[in-house]
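Each chain is listed here by its residues.
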Amino acid sequence: MEAYKRGGHTVWDCKYHLVWVTKYHHAVLGGDVGNRCRELLRETARAHEMAVHAGSINRDHVHMLVSIPPNLSVSRAVQHLKGRSSHKLLSEFGISSRRYWGQHLWARGYWVVSSGERDRWHAGRIHQEPDAARARRLQRDVISRQVR
């Protein structure tokens, strides 16, 4: 079993499975852009005392299994991850401003589920539907919940 993380007055192990997609599901995260995105997400996570346990960057979406400290809300953590990576990727790679008007690389919203075990996350990834189809379905679920 992994060691729990400790703070001044806390002992914790808070893991979350996060998924978010590119705006309009454009497949721009391949090659150098995907590698740079991976680096940026790791740097941002370290800067905010998050730990990335697993993850994958596909052409139009990102999966991450992340430990987030209890003093940082999940929404704030996602704001840091998506915000910094979007800003840096758009400026460094000159991704078409016509395609992503308003300087937003990521679609609104994200999907999150709390997860206690890394093994459960890996088992789910093996038997899931194709990544792009799953990401679209998850994004539709997020959007439909926002509309309600």
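For the structure itself, look to the data block above.
Small disclaimer: the values here were computed from a predicted structure and weren't measured.

Conventions we followed
- Residues numbered from 1 in each chain as written.
- Predicted model: local features only at pLDDT ≥ 70, side-chain atom pairs only at ≥ 80, totals over all residues.
- Heavy atoms only, no water.
- Axes fitted to C-alpha atoms, helices over the stretch in contact; angles between N-to-C directions.
- Helix = DSSP H or I, 4+ residues; strand = E, 2+ residues; numbered from the N terminus.
- Parallel < 35°, antiparallel > 145°, perpendicular 65-115°, else oblique.
- Left-handed = near helix turned anticlockwise from the far one by under 90°.
- Contact = heavy atoms within 4.5 Å.
- Nonpolar A, V, L, I, M, F, W, Y, C, P; charged D, E, K, R; others polar.
- Salt bridge = Lys/Arg side-chain N within 4 Å of Asp/Glu carboxyl O.
- Buried < 20%, exposed > 50% of the residue type's maximum accessible area, 1.4 Å probe, protein only.
- Core = buried A, V, L, I, M, F, W, Y, C linked by side-chain atoms within 4.5 Å.
- Pairing = 2+ DSSP bridges.

A. A look at the packing of helix α1 (residues 31-47) against helix α2 (residues 74-93). Between α1 and α2, whose axes approach to 9 Å, the crossing angle comes to 140°. Considering their axes alone, α1 and α2 lie oblique with respect to each other. Crossing geometry of α1 relative to α2 is assigned as right-handed. Residue-level inspection shows D32, V33, R36, C37, L40, L41, E43, T44 and A45 of α1 in contact with α2, the latter providing H80, L81, R84, S85, K88, L89, E92 and F93. Grouping the amino acids of the contact of α1 with α2 by side-chain chemistry returns eight nonpolar, three polar and six charged.

B. The arrangement of the pattern of salt bridges in detail. Enumeration over the complete set of coordinates arrives at six salt bridges. A salt bridge links R36 to E43; the shortest N-O distance between them is 3.9 Å. Under the relative-accessibility criterion, R36 is labelled buried at 18%. We classify E43 as partly exposed; its relative accessible area is 30%. One continuous salt-bridge network, built from bridges that share partners, spans R36, E39, E43, R84 and E92.

C. Geometry of the side chain of S67. When you line up the elements, S67 lands in strand β5 (residues 61-67). What S67 contacts, discounting residues up to four positions off in sequence, is K5, W12, D13, C14, K15, M50, A51 and H53.

D. Expanded view of the nonpolar core. Formed by 25 residues in total, the largest nonpolar core has its most connected members in W20, L41, M50 and V62. For this core, the elements supplying multiple residues, two or more each, are β3 (15-21), α1, β5 and α2. Aside from chain neighbours lying at most four places away, what touches W20 is L41, H61, V62, M64, L81, K82, W106, G109 and Y110.

E. Quick look at the sheet that holds β3. One open sheet holds the four strands; their spatial order is β4-β5-β3-β6, and the pairing between them is antiparallel. Whereas interior strands pair on both sides, the edge strands pair on one side only; in this sheet they are β4 (51-57) and β6 (111-115). The mean inter-strand angle of the sheet, taken between neighbouring strand axes irrespective of direction, is 15°. Bridging between β4 and β5 involves six bridges; their strand directions are antiparallel. Considered in β5, the bridge of A54 is made with L65. Lying on the sheet, α1 is in contact with β3, β4 and β5; it crosses β4 at an angle near 160°. Sheet contacts for α2: β3, β5 and β6; angle to β3, the most-contacted strand, approximately 45°.

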